[in-house]
Amino acid sequence: MNRHERGFSLVELIVVIAIVSVVLAVAFSMFLFGNRSEKIIQVQVDERTSFRLMMNALEKEIANGSGFMLLTTASSEAGYTQFYVTTVDGQGTLMRQNDTAAEAPLVGSGYAVKGLSVTFSLSTADSRTVHVKLLAGSGYFVEKDILVQNLPVSVTHATAPDSQAILKIKKM
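Please read all numbers here as calculations on a predicted model, not as lab measurements.

### Some details on the overall build of the protein chain
A tally of regular secondary structure across the protein chain gives one helix and nine strands. The secondary structure elements of the protein chain, listed N-terminal to C-terminal, are α-β-β-β-β-β-β-β-β-β. For the protein chain, restricting intrachain contacts to residue pairs at least 6 apart in sequence, the fraction spanning at least 24 positions comes to 59%. In the form shown here, the protein chain has an accessible surface area of approximately 11,100 Å², with 60% of it arising from carbon and sulfur atoms.

Following this line, the structure appears as structure tokens:
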């Protein structure tokens, strides 16, 4: 080989290929990590959005009611709308059912949340207030005390259980 010929030696090419491989491996792993993180964040955002929409709809329904009952099993009574969670394949949807219509999701086409559960209980401070807790399988939860505005101050619910999964609201 002549001294004036230009080119790379085999050792130089192997070193460059090794360096490029390491850089590409690091870049690819960062891409995968970012993609996984984005999916986790999107699930959390969807969960929180669903909870906010469900709680807003429940608040509107509860506040405008004229009475309520806390139950362990569903029952049909004239003039009441009941709220509960149905679960399909681990995805829970908050449902609404009144005495004249079939059950339907409380919010839109039904926001399903993995491991969704709901509990309704009486507020310890005021017997006209329903305490609502929405809980996801991830551990995220939202709680709110909602005043039943059209309920007389004198009404008490001494026989109501501590916490139940079904709430029935009497329509005005």
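### A short note on the nonpolar core
Met54, Leu58, Ile62, Phe120, Val130, Val132 and Leu167 are the most contacted members of the largest nonpolar core, which totals 25 residues. Looking at this core, the elements that each hand over two or more residues are α1 (10-63), β1 (67-71), β6 (117-122), β7 (129-135) and β9 (166-170). The element that contributes the greatest number of residues to this core is α1, accounting for seven residues. Sequence-distant contacts of Val130, that is, excluding residues within four places in its chain, are made with Ile62, Phe68, Phe120, Ser121, Lys144, Asp145, Ile146, Val148 and Leu167.

### What to know about the packing of aromatic side chains
This structure, assessed with the given rule, holds one aromatic pair. When the centroid spacing of 5.5 Å and the interplanar angle of 40° are considered together, the rings of Phe51 and Tyr140 count as tilted. Of this pair, Phe51 sits in helix α1 while Tyr140 is found in the loop between β7 and β8 (141-147), placing the two residues 89 residues apart along the sequence. Accessibility expressed as a relative area gives 0% for Phe51, which makes it buried. Across from the ring centre of Tyr140, 4.0 Å away, lies the NZ or CZ of Arg48, which sits over that ring.

### Quick notes on the pattern of salt bridges
In this structure the tally under the stated criterion is two salt bridges. Salt-bridge contacts for Lys144 lead to Glu59; the nearest nitrogen and oxygen are separated by 2.8 Å. Of this pair, Lys144 sits in strand β8 while Glu59 sits in helix α1, and the two are 85 residues apart along the sequence. For Glu59, a relative accessible area of 28% puts it in the partly exposed group. Notably, a salt bridge pairs Glu61 with Arg96, separated by 2.8 Å at the nearest N-O pair. One end of the pair, Glu61, is in helix α1; the other, Arg96, is in strand β3 (residues 91-98), and 35 residues separate them in sequence.

### Remarks on unusual backbone geometry
Not every positive phi belongs to a glycine, and Asp89 is a case in point at roughly 55°. Within the fold, Asp89 resides in the loop between β2 (80-88) and β3.

### Observations concerning the pairing of β8
Both β7 and β8 contribute to a ladder of seven bridges, which runs antiparallel. Its bridge partner lying in β8, His131 is registered against Asp145. Linking β7 to β8, which pair antiparallel, is a turn of five residues; within it Gly139 sits at a positive phi near 100°.

### Structural notes on the environment of Arg48
Its location among the elements puts Arg48 in helix α1. Classification of Arg48 as partly exposed rests on a relative accessible area of 35%. In the structure, Arg48 is positioned 93 residues away from Phe141 in sequence and 8.7 Å away in space, judged by C-alpha atoms.

### Describing a nonpolar patch on the surface
A cluster of nonpolar side chains, contributed by Val11, Val15, Ile19 and Val23, occupies part of the molecular surface with about 370 Å² of accessible area. Here Val15 lies in helix α1. Judged by relative accessible area, which is 44%, Val15 ranks as partly exposed.

### Looking at α1
Taking 1.5 Å as the rise per residue, α1 with 54 residues should run 80 Å; its terminal C-alpha atoms sit 79 Å apart, in good agreement. Of the positions making up α1, those classed as buried are Glu47, Ser50, Phe51, Met54, Met55, Ala57, Leu58, Ile62 and Ala63.

Rules behind the numbers
Residues numbered from 1 in each chain as written. Predicted model: local features only at pLDDT ≥ 70, side-chain atom pairs only at ≥ 80, totals over all residues. Heavy atoms only, no water. Helix = DSSP H or I, 4+ residues; strand = E, 2+ residues; numbered from the N terminus. Contact = heavy atoms within 4.5 Å. Areas by Shrake-Rupley, 256 points an atom, 1.4 Å probe, with all protein chains shown as cover. Core = buried A, V, L, I, M, F, W, Y, C linked by side-chain atoms within 4.5 Å. Buried < 20%, exposed > 50% of the residue type's maximum accessible area, 1.4 Å probe, protein only. Phe/Tyr/Trp six-rings, centres within 6.5 Å; stacked < 30°, edge-to-face > 60°. Lys NZ or Arg CZ within 6 Å of the ring centre and 35° of its normal. Salt bridge = Lys/Arg side-chain N within 4 Å of Asp/Glu carboxyl O. Pairing = 2+ DSSP bridges. Patch = residues over 30% accessible without salt bridge, like charges linked within 9 Å, V, L, I, M, F, W, Y side chains within 5 Å. Expected span 1.5 Å × (residues − 1).

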